[in-house]
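Listed below are the residues making up each chain.
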Amino acid sequence: RRTTEVAAVIMTKKRIALISTGGTIEKTYDELSGVLHNQVSVLDVMLASLELRGVLVSRVQLLNKDSLDMTDEDHALVATTAESMARATDGVVVVHGTDRLQHSGERIVELFGTPRQPIVFTGAMRPYELRNTDALQNLTEALLAVQILPPGVYVAMHNQVLAFPGVVKDRLQGTFVKAT
């Protein structure tokens, strides 16, 4: 009977794919060069600090780049991977650099239309390692949003969720907005 109960609990958990591509959220400080780099992922540390009842998170380390260095091929890879994972899970969170996040989100819509499950992009304006980071808040919001949103492509950051197409980074406000 206990095995059946455990299996029932596992089966009721939402399966969330977490695709990481790098970006500011994952930057770490290199003491030797005095520069923030995308060298190691801090997402596992962030995830370990959260109480994630009801979800099974599968990590997919896709890229480890500053989004300013991403190519059209990288955006296509993100789009294809996210859409594929949306067919295999209950939802997808894509951790992405904010400078070119909108390009990957738009690419999904262009190539695939509305995915089978929600795909939620997030990132950070300030790295997780900094004291005044927005990284953990944004990751938490994305993990919640992907569980309650209908199928579509979104960005979740700074206490808001915006649907693609038409999402852009507003550099003056330091967040994402709908294009006008």
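Up top is the structure.
Report follows, based on the coordinates. All figures in this text were calculated on a predicted structure; none of them were measured in a lab.

## Quick look at the overall build of the chain
Then, number 1: Along its length, the chain carries 5 helices and 10 strands.
Then, number 2: Looking at the chain as a whole, 46% of its 180 residues qualify as buried.
Then, number 3: When contacts within the chain are restricted to residue pairs at least 6 apart in sequence, long-range pairs at least 24 apart make up 66% of them.
Then, number 4: By element, 54% of the accessible surface of the chain is carried by carbon and sulfur atoms, the whole surface being about 9200 Å².

## Comments concerning the pairing of strand 6 (residues 119-122)
Then, number 1: A two-sided burial pattern is seen for strand 6, the buried positions comprising Ile-119 and Phe-121 on one face and Val-120 and Thr-122 on the other.
Then, number 2: For strand 5 (residues 91-95) and strand 6, the ladder comprises 4 bridges, and the chain directions are parallel. Opposite Val-92, over in strand 6, you have Ile-119 as the bridge partner.
Then, number 3: Handedness of the crossover joining strand 5 and strand 6 through helix 4 (residues 101-112) is recorded here as right-handed.
Then, number 4: In this fold, strand 6 hands off to helix 5 (residues 135-148), which returns the chain to strand 7 (residues 153-157); that crossover is left-handed.

## Brief notes about the environment of Leu-136
Then, number 1: Position of Leu-136 among the secondary structure elements: in helix 5.
Then, number 2: Exposure remark for Leu-136: the relative accessible area of 28% places this residue in the partly exposed category.
Then, number 3: Each C-alpha atom, one on Leu-136 and one on Leu-47, is 8.8 Å from the other, the two residues being 89 residues apart in sequence.
Then, number 4: Excluding residues within four positions of it along the chain, Leu-136 makes contact with Met-46, Ser-49 and Leu-50.

## A closer look at helix 3 (residues 72-88)
Then, number 1: The end-to-end C-alpha separation of helix 3 is 25 Å, in line with the 24 Å expected for 17 residues at 1.5 Å each.
Then, number 2: Inspection of helix 3 places Asp-74, His-75, Val-78, Ala-79, Thr-81, Ala-82, Glu-83 and Ala-86 among the buried residues, and these make up the whole buried set.
Then, number 3: On the buried face of helix 3, the contacting elements are strand 1 (14-22), strand 4 (55-65), strand 5, helix 4 and strand 6.

## Let's talk about the nonpolar core
Then, number 1: Core analysis: the biggest nonpolar cluster contains 22 residues, and Val-92, Val-94, Ile-119, Phe-121 and Val-155 have the highest contact counts within it.
Then, number 2: Only strand 1, strand 4, helix 3, strand 5, helix 4, strand 6 and strand 7 provide two or more residues apiece to this core.
Then, number 3: Of all hydrophobic cores here, the second largest spans 21 residues; its members include Ile-25, Val-120, Leu-139 and Val-146.

## Re the sheet that holds strand 8 (residues 160-163)
Then, number 1: Spatially, 4-1-5-6-7-8 is the arrangement adopted by the 6 strands of the open sheet, whose pairing is mixed. Each of the sheet's edge strands pairs with one partner strand only, and the pair in question is strand 4 and strand 8. Neighbour-to-neighbour, the strand axes of the sheet open up by a mean angle of 25°, direction not taken into account.
Then, number 2: As paired elements, strand 6 and strand 7 share 3 bridges and run parallel to each other. Each bridged residue has a counterpart across the sheet, and for Val-120 the counterpart in strand 7 is Tyr-154.
Then, number 3: Seen against the sheet, helix 3 touches strand 1, strand 4, strand 5 and strand 6 and runs at an angle of roughly 170° to strand 4.

So, how was this worked out
- Counting restarts for each chain: residues are numbered from 1 in the order of the written sequence.
- Local features in this predicted model are restricted to residues of pLDDT 70 or higher, and side-chain atom pairs are both shown and tallied only at a pLDDT of 80 or more, whereas totals for entire chains, interfaces and linings draw on every residue.
- Side-chain measures were taken over the full set of non-hydrogen atoms in the model, leaving aside hydrogen atoms and water.
- Under the DSSP-based scheme used, a helix requires at least four consecutive residues in state H or I and a strand at least two consecutive residues in state E, with every element numbered from the N terminus.
- Note on classification: 1.4 Å probe, protein chains only; a residue is buried when its accessible area is under 20% of the maximum for its type, exposed when over 50%, partly exposed between these limits.
- Contact definition: two residues touch when any of their heavy atoms are within 4.5 Å.
- Surface accessibility in these figures is a Shrake-Rupley result with a 1.4 Å probe; residues are shielded only by whichever protein chains are displayed.
- Being paired, for any two strands, means DSSP has found at least two bridges between them.
- Handedness of a crossover is defined as follows: with both strands directed away from the viewer, a clockwise route from the first strand across the helix to the second makes it right-handed.
- Multiplying 1.5 Å by the helix residue count minus one yields the expected span of that helix.
- Residues enter a nonpolar core if they are buried and are Ala, Val, Leu, Ile, Met, Phe, Trp, Tyr or Cys, with the set joined through side-chain atoms within 4.5 Å.
- Axes here mean lines fitted to C-alpha atoms, for a helix over just the part in contact, with angles spanning 0 to 180 degrees between N-to-C directions.

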